[in-house]
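Next come the chains, spelled out residue by residue.
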Amino acid sequence: MNPLLPDMQQTLALLDNMQPDTHLLHVLHALQEALQCIPPAAVPAIAGKLGLPISQVQAVIEFHAFFHQSPRGQYRILFSNCPQCGFQVAGGNLLQHLRSLLHVKGDATREDGRVSIAETSFIGMCDHGPSLLVNGLPVSGMDMEKLDLLAILIERQTPVSSWPAEWMRISERIRLPGLLLQAAQLKGEAVQTGLRLGAAGILHELQQSGLRGRGGAGFGTAQKWLMTRDAQAAKHYVVCNADEGEPGTFKDRALLHLHADTLFEGMTLSALCLNAQHGFLYLRGEYRYLLPHLLDVLAQRRQQGLLGKNILGHADFAFDIEIVVGAGAYICGEESALIESLEGKRGIPRVRPPFPVTHGYLGYPTAVNNVETFLAAAQILRHGSEWFRNCGTAQSSGSKLLSISGDCARPGIYEYPYGTRLAQILQDCGADQPQAVQLGGGCRHPA
Ligand SMILES: Cc1cc2nc3c(=O)[nH]c(=O)nc-3n(C[C@H](O)[C@H](O)[C@H](O)COP(=O)(O)O)c2cc1C
């Protein structure tokens, strides 16, 4: 018996305070936070509470990097090992430095239970220098000296909420705003237009705009929404993929932070088009610090009549959005794995076809779109398809948000029309003598 394991009474008391319809991932997050682990003996109780098989709960715990069955430290540190914001710096190895300051051996929890330190892949802070997560919260801009202070704070048991505010502040470095980032946030304007045009009109506008998905595959958004709408079923679902896990990307983080209203507007527009009543935003575990902000925006939109029943006074339009927070699993960005995870299972991609547009969440037709795609769709309905078409190239309309980091003077978010030359981008971000550039996404560059 591990003496550090929490007693069952404490675990059962925590479970008692949770609603039976709480998402499995959220139950596990809450236990991990409160108890520093999910005790093996708690698994049958969790399964009983949620009405799930014990094997499913156990499998989900084992699947996710952020869940543990033996106690982690009171301070759980996860150092990002991504090439851009990682711990290997000119002055040495930050991870090794912190481990030696705090006398932590490898991934093991220190004997007094105070602290554990492990690596994690990419936490989405590449524009903020070496970064880590402490008890799920990002701490950025680390160097040897800051780690010296961090170790003292831990030894003195200073609560994370009292650590230097500037370490915990994740500001968005919008270096070059374009079509989407310059546009005002939307609070019903696009949905109003959607209500006037109807589903066919929304699809026509999106078709004319040429918008293609910004999640990587570039699938036509109008086509995806049409296929979902046309799939005959009792229910349809809208899902926003905010699992942004591709190393080096952080543009969805900025949109979730600065443009959440417009994102939810895009999801509501999609719901109007698909006749969906329920939507999910799947937020990557590394962005859990954004949850209070996102819940605030959702609450405001309910108060403003933009979510819930009778949206904008329309008795037959009801839609709401639920946020589900992941727990450190890159693969959950793949849409069918994401849907499995939404269903409370391990995020294992499904064999396709059938695709989510016909067989998605709980087997119902589901439109999964990236954060940026929903934002663009909402702004297209607000400003018209021409506004979008007039930006970019004949084959690729609109703009693209780029997350730029690495060996350059001005890391951050840049929004360019499709067709912008790479040389221009390197010049703008201050990459003077690049030896290599790693590109993501699918824009076409002129020769
Ligand atoms: C391994 C893998 C990881 C993915 N990760 C993401 C992701 O983090 N965010 C995202 O929007 N799409 C991701 N995708 C693409 C999604 O499966 C899906 O195509 C996308 O969310 C659809 O949105 P869109 O039509 O707006 O592009 C990933 C795909 C694969 C194969």
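Worth saying up front: this structure is predicted, and the values here are computed from it rather than measured. (Residues numbered from 1 in each chain as written. Predicted model: local features only at pLDDT ≥ 70, side-chain atom pairs only at ≥ 80, totals over all residues. Heavy atoms only, no water.)

Along its sequence, the protein is organised into domain 1 (8-63), domain 2 (75-168) and domain 3 (174-389). Inter-centroid distance (C-alpha atoms) of domain 1 to domain 3 is 29 Å. Between domain 1 and domain 3, the contact holds 10 residues from the first and 18 residues from the second. Taken over both partners, the interface formed by domain 1 and domain 3 buries close to 1,100 Å², and the fraction arising from carbon and sulfur atoms is 62%. If you sort the residues of domain 1 by the area they bury against domain 3, His23, His29 and Phe63 come out on top, with a joint share of 51%. If you look at where domain 1 meets domain 3, you find one salt bridge. Close ionic contact of Glu33 with Arg288 constitutes a salt bridge, the shortest N to O distance being 3.2 Å. Remark: the boundary between domain 1 and domain 3 carries seven residue pairs in polar contact (both at pLDDT 80 or more). When residues of the side of domain 1 that touches domain 3 are traced back to their parent elements, those giving at least two are helix 2 (24-35) and helix 4 (54-63). (Domains from an automatic or database assignment. Contact = heavy atoms within 4.5 Å. Buried area = accessible area lost by both parts, 1.4 Å probe. Salt bridge = Lys/Arg side-chain N within 4 Å of Asp/Glu carboxyl O. Polar contact = N/O pair within 3.5 Å; in protein donor to acceptor, adjacent residues only side chain to side chain. Helix = DSSP H or I, 4+ residues; strand = E, 2+ residues; numbered from the N terminus.)

The biggest cluster of nonpolar side chains holds 102 residues, and the ones touching the most others in it are Ile46, Trp225, Leu256, Leu263, Phe264, Leu281 and Leu283. Sorting elements by how many residues they give to this core places helix 12 (residues 260-274) first, with nine residues. Here Leu256 is in contact with Ala242, Leu263, Leu281, Leu283, Tyr287, Leu290, His293, Leu294 and Val371, once residues within four sequence places are set aside. One finds Leu95, Ile117, Val139 and Leu150 within the second-largest nonpolar core, a separate group that totals 24 residues. (Core = buried A, V, L, I, M, F, W, Y, C linked by side-chain atoms within 4.5 Å. Buried < 20%, exposed > 50% of the residue type's maximum accessible area, 1.4 Å probe, protein only.)

Ordered by their spatial adjacency, four strands build an open sheet running 4-1-5-6, and the pairing between neighbours is mixed. With partners counted over all chains shown, the strands left at the sheet margins are strand 4 (115-120) and strand 6 (137-139), one partner each. Pairwise comparison of adjacent strand axes, ignoring direction, gives a mean angle of 25 degrees for this sheet. Across three bridges, the pairing between strand 5 (residues 132-134) and strand 6 is antiparallel. Counted as the bridge partner of Leu132 is Val139 from strand 6. (Pairing = 2+ DSSP bridges. Axes fitted to C-alpha atoms, helices over the stretch in contact; angles between N-to-C directions.)

With that out of the way, let us pick up the pattern of salt bridges. Across all of its chains, the model carries 23 salt bridges by this definition. Across the pair Glu286 and Arg284 runs a salt bridge whose closest N-O atoms are separated by 3.3 Å. Judged by relative accessible area, which is 6%, Glu286 ranks as buried.

Moving on: unusual backbone geometry. Outside of glycine, negative phi angles account for most residues, and trans bonds account for most peptide bonds. A cis amide bond links Arg352 to the next residue, Pro353, at an omega of -5 degrees. Along the polypeptide, Pro353 turns up in the loop between helix 14 (335-342) and strand 11 (366-370). Positive phi, normally seen in glycine, also occurs at Asn135, with a value near 45 degrees. Relative to the elements of secondary structure, Asn135 occurs in the loop between strand 5 and strand 6.

Moving on to the site of the ligand. Taken together, 17 residues surround the ligand, and among them Gly215, Lys224, Glu335, Asn370 and Thr373 come closest. At 3.3 Å from an oxygen atom of the ligand is found a main-chain nitrogen or oxygen belonging to Arg214. Between the ligand and the protein, one listed contact pairs an oxygen atom with a side-chain N or O atom of Thr373 at 2.7 Å. The fraction of the free accessible surface of the ligand (610 Å²) that becomes covered by protein chains is 80%. Top element by residues in the shell around the ligand is strand 11. It accounts for three residues. (Near = heavy atom within 4 Å. Areas by Shrake-Rupley, 256 points an atom, 1.4 Å probe, with all protein chains shown as cover.)

Here we come to the environment of Tyr75. Inspection of the secondary structure assignment puts Tyr75 in strand 1 (residues 75-80). For Tyr75, a relative accessible area of 4% translates into the label buried. Expressed as a C-alpha distance, the spacing of Tyr75 and Leu298, which sit 223 residues apart in the sequence, is 31 Å. Not counting residues up to four positions away in its chain, the partners in contact with Tyr75 are Arg114, Val115, Ser116, Val134, Asn135, Leu153, Ile154, Gln157, Thr158, Pro159, Val160 and Trp163.

Looking now at the environment of Lys49. Structurally, Lys49 is set in helix 3 (residues 43-50). Separated by 29 residues in sequence, Lys49 and Pro20 place their C-alpha atoms 6.0 Å apart. Within the structure, Lys49 has its side chain in polar contact with the backbone oxygen of Leu15 (distance 2.8 Å).

We now examine the pairing of strand 10 (residues 320-325). Pairing analysis gives six bridges linking strand 9 (residues 278-283) to strand 10, with the strands arranged parallel. Pairing of Leu281 across the sheet is with Ile323, part of strand 10.

With seven of eight residues buried, helix 14 lies mostly within the body of the structure. If you check which residues of helix 14 are buried, you get Ser336, Ala337, Leu338, Ile339, Glu340, Ser341 and Leu342. Residues of helix 14 that are buried in the fold lie against helix 2, strand 8 (237-242), strand 9, strand 10 and strand 11.

Quick look at the state of the cysteines now. In this structure the tally under the stated criterion is zero disulfides. As a non-bridged cysteine, Cys82 has Cys126 as the owner of its nearest cysteine sulfur, 3.5 Å distant. On the basis of relative accessible area, Cys82 is assigned to the buried category, the value being 4%. (Disulfide = S-S within 2.5 Å.)

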